[in-house]
Amino acid sequence: MRRNRTTSRVGDKNLSPTFYAREVRSHLNLGWGPINPRHVCDALAIRYFEDDLGASGNEAGALVCTESGRLGIVVNRSILYAPRRRFTIAHELGHACIPTHSDLEKWCVAGDIEAFRSDRIIEREANEFAAEFLMPERTVRERLKREPPSIDVFTRVADEFGTSLTSTACRVVSLADHDPCAVVLSSGGHVNWLVASRPFRRIVDPLGKGDTLSSETAAARVMAGEMFSNVIYVVPVEAWLRRWPSNMNTINEQVIQFPRFGSTLSFLDFSTIDDDWLDVD
Ligand SMILES: [Zn+2]
């Protein structure tokens, strides 16, 4: 399995994680809809099992070699949130199917999975594989032709594909080539990460990882109990941006709160788009 049977081209180290995810879907005739990664393990003769790896859930999963010499995927039993478990399995399938990922028995930690901002290339590649494998670009782009990104879209796509709201929001926004928008995870008064569409970055320069969260953001005010989740607020541009067009004054922000984790997910977009903004390089 490791030097994958799905295609004769997998030995090419220049191919992308997305390519391998599509190859596995194609090899197994999975089409472009929702899939169950547990069933994929069975189809690829990879043993799947769960184990106690500590209640913190920090050690999320690993690719292992079983006693019988088969490839196996182990996932921390303490991961109770099904979408997170599914993404972890898909992430480990990425390690199994990307030829340059040769290390077995190394734990993948929760902070590197789904966050899309791991400092480790191999973990980012496994996440890229998992994102394409669970939410194919082709299917997401079809959705975006019918409706622009919104919290409502993220929720419906997440429900349909069995993915988390956070990973779905990142996936949809990163493929939104016609809509200036971004999603931001914040906690402890700081920005954990920000994923923006290409048009968003062409128009403005947003805050990034580690930046202090302005008290003017809806995220900070929701955390302080001054504003509500799931309401679209209009906030000053300087709350979220370092640079913006001179005639832009406000930005829309809708917040989903995750009280258990002390974090918020903000969706940012603009009420009106001046076509001239999109022409700026
Ligand atoms: Zn990993």
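Summarised in this report is the structure supplied together with it. (Residues numbered from 1 in each chain as written. Predicted model: local features only at pLDDT ≥ 70, side-chain atom pairs only at ≥ 80, totals over all residues.)

### Let's talk about the pairing of strand 2 (residues 59–65)
Burial analysis of strand 2 places five of its seven residues in the buried class, which makes it a mostly covered element. Pairing of strand 2 with strand 4 (residues 108–109), which is carried by two bridges, proceeds in the antiparallel orientation. Within the sheet, the bridge partner assigned to Gly61 lies in strand 4 and is Cys108. In the sheet, strand 2 pairs with strand 3 (residues 71–76) via five bridges, with the strands oriented antiparallel. Pairing of Val64 across the sheet is with Gly72, part of strand 3. From the end of strand 2 to the start of strand 3, which pair antiparallel, there are five residues, and Gly69 there has a positive phi angle of about 90°. (Buried ≥ 20, exposed ≤ 12 C-beta atoms within 10 Å, placed from the backbone. Helix = DSSP H or I, 4+ residues; strand = E, 2+ residues; numbered from the N terminus. Pairing = 2+ DSSP bridges.)

### Quick look at unusual backbone geometry
It is generally the case that most residues other than glycine have a negative phi and that most peptide bonds are trans. In this structure, Ala45 is a non-glycine residue whose phi angle is positive, near 60°. Ala45 sits in the exposed class, given 10 other C-beta atoms within 10 Å. Positive phi, close to 65°, is recorded for Asn230, a residue that is not glycine. Counting through the fold element by element, Asn230 comes out in the loop between helix 9 (218–223) and strand 8 (232–236).

### Things to note about the nonpolar core
Of all hydrophobic cores here, the largest spans 72 residues; its most connected members are Val172, Val173, Ala182 and Val183. Looking at which domains feed residues into this core, each of domain 1 (17–134) and domain 2 (179–278) supplies at least three. (Core = buried A, V, L, I, M, F, W, Y, C linked by C-beta atoms within 7 Å. Domains from an automatic or database assignment.)

### Here's the deal with the packing of helix 6 (residues 151–161) against helix 7 (residues 165–174)
Taken N-terminus to C-terminus, the directions of helix 6 and helix 7 make an angle of 115°; their axes are 9 Å apart at the nearest point. When the axes of helix 6 and helix 7 are compared, the crossing they make is right-handed. Taking contact as the criterion, the partners of Val153, Phe154, Thr155, Val157 and Ala158 in helix 6 are, on helix 7, Leu165, Thr168, Ala169 and Val172. Of the residues contributing to the contact of helix 6 with helix 7, the split by class is seven nonpolar, two polar and no charged. (Axes fitted to C-alpha atoms, helices over the stretch in contact; angles between N-to-C directions. Left-handed = near helix turned anticlockwise from the far one by under 90°. Contact = placed C-beta atoms within 7 Å. Nonpolar A, V, L, I, M, F, W, Y, C, P; charged D, E, K, R; others polar.)

### Quick notes on the sheet that holds strand 2
Pairing in this open sheet of four strands is mixed, and the strands run 1-3-2-4 from one edge to the other. On the outer flanks of this sheet lie strand 1 (47–51) and strand 4, each paired with one strand and no other. Packed onto the sheet, helix 3 (residues 82–97) meets strand 1, strand 2, strand 3 and strand 4 and runs at close to 35° relative to strand 2.

### Overview of the packing of helix 3 against helix 4 (residues 121–134)
Two elements in contact, helix 3 and helix 4, have axes whose closest approach is 8 Å; the angle formed by their N-to-C orientations is 115°. Between helix 3 and helix 4 the crossing geometry is right-handed. Note on element contacts: helix 4 touches helix 3 through Glu125, Ala126, Asn127, Phe129, Ala130, Phe133 and Leu134, opposite Arg86, Phe87, Ala90, His91, Leu93, Gly94, His95 and Cys97.

### Some points on the sheet that holds strand 10 (residues 250–258)
With respect to topology, five strands assemble into an open sheet ordered 6-5-11-10-8, the strand pairing being antiparallel. One side of each edge strand has no neighbouring strand; the edge strands of this open sheet are strand 6 (190–196) and strand 8. For this sheet, the mean angle separating the axes of adjacent strands, direction not counted, is 30°. When strand 5 (residues 181–187) meets strand 11 (residues 263–269), the two strands line up antiparallel, connected through seven bridges. Bridged to Ala182 within strand 11 is Leu268. Against the sheet, helix 7 contacts strand 5, strand 6, strand 10 and strand 11, and its axis sits at roughly 150° relative to strand 5.

Interpretation note: all reported values are geometric properties and have no functional meaning in isolation.
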